[in-house]
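Breakdown of the fold
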Amino acid sequence: EHARLLEQYIGNRVVTCTPERGGQFHCAVDEHDLSVIVLYNGGGRATADAPAYLRDAEAHAQANRLGIWQ
């Protein structure tokens with residue numbers, strides 16, 4: 001279900017991904033960090049070593065019982 005909701009959110013928008021250190025990528029939709037979007041809406045969990053802004057996005061979803069936090 002979460003994949004379907006993400007697909008609906010992205011729609012025809014362009015997702016751009018740029019390589020980063022360590023073989024990872026940074027992806028964005030309309031210049032918004034895709035990781036933040038996913039976490040803010042309860043589509044996943046931040047890793048223990050995630051930056052504070054990602055943990056804050058996850059905390060928002062938890063507090064508002066969104067996505068996986070329902």
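Preceding block: the structure.
Read on for an overview of the structure.

Quick notes on the rules
Residues numbered from 1 in each chain as written. Predicted model: local features only at pLDDT ≥ 70, side-chain atom pairs only at ≥ 80, totals over all residues. Heavy atoms only, no water. Salt bridge = Lys/Arg side-chain N within 4 Å of Asp/Glu carboxyl O. Helix = DSSP H or I, 4+ residues; strand = E, 2+ residues; numbered from the N terminus. Buried < 20%, exposed > 50% of the residue type's maximum accessible area, 1.4 Å probe, protein only. Contact = heavy atoms within 4.5 Å. Disulfide = S-S within 2.5 Å. Core = buried A, V, L, I, M, F, W, Y, C linked by side-chain atoms within 4.5 Å. Polar contact = N/O pair within 3.5 Å; in protein donor to acceptor, adjacent residues only side chain to side chain.

1. Remarks on the pattern of salt bridges
Charged atoms that come close allow side chains of opposite charge to pair. Enumeration over the complete set of coordinates arrives at one salt bridge. The shortest N-O distance in the salt bridge between arginine 13 and aspartate 30 comes to 3.0 Å. Residue arginine 13 is located in the loop between α1 (2-10) and β1 (15-19), and its partner aspartate 30 is located in the loop between β2 (25-29) and β3 (32-33); the two are separated by 17 residues in the primary sequence. Take arginine 13: its relative accessible area is 36%, and that puts it in the partly exposed class. By relative accessible area, aspartate 30 is classed as partly exposed at 44%.

2. Let's talk about the environment of tyrosine 9
Mapped onto the elements, tyrosine 9 comes out in helix α1. Apart from residues lying up to four places away in sequence, tyrosine 9 is in contact with Val29 and Ile37.

3. Re unusual backbone geometry
Backbone geometry places aspartate 30, a non-glycine residue, at a positive phi of 50 degrees. The residue glutamate 31 is not glycine, and still its phi comes out positive at about 65 degrees. Relative to the assigned elements, glutamate 31 resides in the loop between β2 and β3. A relative accessible area of 80% places glutamate 31 in the exposed class.

4. Comments concerning the state of the cysteines
Scanning the model with the defined rule gives one disulfide in all. Disulfide partner of cysteine 17: cysteine 27, at an S-S distance of 2.0 Å. On the sign convention where negative means left-handed, the S-S torsion of about 115 degrees between cysteine 17 and cysteine 27 marks this disulfide as right-handed. Here cysteine 17 is found in strand β1, whereas its partner cysteine 27 is found in strand β2, with 10 residues between them in sequence.

5. Thoughts on the nonpolar core
Ranked by size, the top nonpolar core spans five residues in total: Leu39, Ala46, Ala50, Leu54 and Ala57. Among residues more than four places away in sequence, those in contact with alanine 57 are Val36, Leu39 and Tyr40.

6. A short note on the environment of threonine 47
Within the secondary structure, threonine 47 is located in the loop between α2 (34-40) and α3 (52-63). Note: C-alpha distance between threonine 47 and isoleucine 68 (21 residues apart in sequence) is 15 Å. A polar atom in the side chain of threonine 47 sits 2.8 Å from the side chain of aspartate 49.

Treat this as a map of the structure, not an account of what it does.
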